[in-house]
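# Coordinates in review
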Amino acid sequence: QVPLVESGGGLVQAGDSLKLSCTASGGTFSRLSMAWFRQAPGKEREFVAFIAWTCTLSYGEFVMGRFAISRDNAQNTGYLQLNNLKPEDTAVYFCAAKSTLGLTKTPSSYIYWGQGTQVTVSS
């Protein structure tokens, strides 16, 4: 088990930016693939971004260049930079991790999960 803790969410206006953090403990962080998902009320969890320990990156189709995933293995932390936020980005954002290398976009592929951090974007 690798505990994950997200932070950085909040209430912002459309066009603003946020940087979410995901700090891991209790495991070999540098060998974990990490991803971000989001879930709006009444909706299923949606893939946002992926970063492997090899630095392979992938983003959901809706991102359209606005978001950026990164990681700092020395700090046991992953990040999701959210730029030009829109009201439709409002959701709980979850950090997730797995020990395998390949890109996956479904929540069931990920073993470790954080508690989520709320992002609310007003018009």
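Rules and cut-offs
- Residues numbered from 1 in each chain as written.
- Predicted model: local features only at pLDDT ≥ 70, side-chain atom pairs only at ≥ 80, totals over all residues.
- Heavy atoms only, no water.
- Disulfide = S-S within 2.5 Å.
- Helix = DSSP H or I, 4+ residues; strand = E, 2+ residues; numbered from the N terminus.
- Buried < 20%, exposed > 50% of the residue type's maximum accessible area, 1.4 Å probe, protein only.
- Pairing = 2+ DSSP bridges.
- Axes fitted to C-alpha atoms, helices over the stretch in contact; angles between N-to-C directions.
- Contact = heavy atoms within 4.5 Å.
- Phe/Tyr/Trp six-rings, centres within 6.5 Å; stacked < 30°, edge-to-face > 60°.
- Salt bridge = Lys/Arg side-chain N within 4 Å of Asp/Glu carboxyl O.

## Topic: the state of the cysteines
Tallied over the full model, the rule gives 1 disulfide. C22 shares a disulfide with C95; S-S distance 2.0 Å. Between C22 and C95, the S-S torsion sits near -75 degrees, and that sign places the bridge as left-handed. With a gap of 73 residues between them, C22 in strand 3 (residues 18-24) and C95 in strand 9 (residues 91-98) connect regions that are remote in the sequence. You'll find C22 and C95 in the same group, each marked buried.

## What to know about the sheet that holds strand 7 (residues 67-72)
Here we have 4 strands laid out as an open sheet, ordered 1-3-8-7, and antiparallel in their pairing. Strands at the two margins of the open sheet, each flanked by one partner only, are strand 1 (4-7) and strand 7. Each strand axis lies, on average, 15 degrees off the axis of its neighbour in the sheet, ignoring direction. As paired elements, strand 3 and strand 8 (residues 77-82) share 6 bridges and run antiparallel to each other. Within strand 8, the residue paired with L18 across the bridge is L82.

## Topic: the environment of C95
Accessibility expressed as a relative area gives 0% for C95, which makes it buried. Sequence-distant contacts of C95, defined by excluding residues within four places in its chain, comprise L4, E6, C22, M34, A35, W36, Y112, W113 and G114.

## Side note on the environment of S21
With respect to the helices, strands and loops of the structure, S21 is situated in strand 3. Overall, the relative accessible area of 17% leaves S21 in the buried class. In this structure, the C-alpha to C-alpha distance between S21 and L85, residues 64 residues apart in sequence, is 17 Å. With near-sequence residues (within four places) excluded, S21 lies in contact with V5, E6, S7, W36, T77, G78 and Y79.

## Considering unusual backbone geometry
The phi torsion of most residues other than glycine is negative, and most of the peptide bonds are trans. The phi dihedral of M64 is positive, around 55 degrees, even though this residue is not glycine. Note on placement: M64 falls in the loop between strand 6 (57-59) and strand 7. Here M64 falls in the exposed class, since its relative accessible area comes to 66%. With a phi angle near 50 degrees, N84 is a residue other than glycine that sits in the positive phi range. With respect to the helices, strands and loops of the structure, N84 is situated in the loop between strand 8 and strand 9.

## Digging into the packing of aromatic side chains
Enumeration over the complete set of coordinates arrives at 6 aromatic pairs. Taking 5.4 Å as the distance between ring centres and 75 degrees as the angle between the ring planes, the aromatic pair formed by F37 and Y110 counts as edge-to-face. With a gap of 73 residues between them, F37 in strand 4 (residues 33-39) and Y110 in the loop between strand 9 and strand 10 (112-113) connect regions that are remote in the sequence. Judged by relative accessible area, F37 falls into the buried class, the value being 0%. For Y110, a relative accessible area of 5% puts it in the buried group.

## With respect to the pattern of salt bridges
For the structure shown, the criterion picks out 3 salt bridges. With a shortest N-O distance of 2.9 Å, E46 and R38 are connected by a salt bridge. A residue is classified by how much of its surface remains accessible, and E46, at 33% relative accessible area, is partly exposed. D89 is paired through a salt bridge with R38; the nearest N and O atoms lie 2.9 Å apart. Here D89 is found in the loop between strand 8 and strand 9, whereas its partner R38 is found in strand 4, with 51 residues between them in sequence. For R38, a relative accessible area of 8% gives the class buried. Each of R38, E46, R66 and D89 takes part in a single network of salt bridges with overlapping partners.

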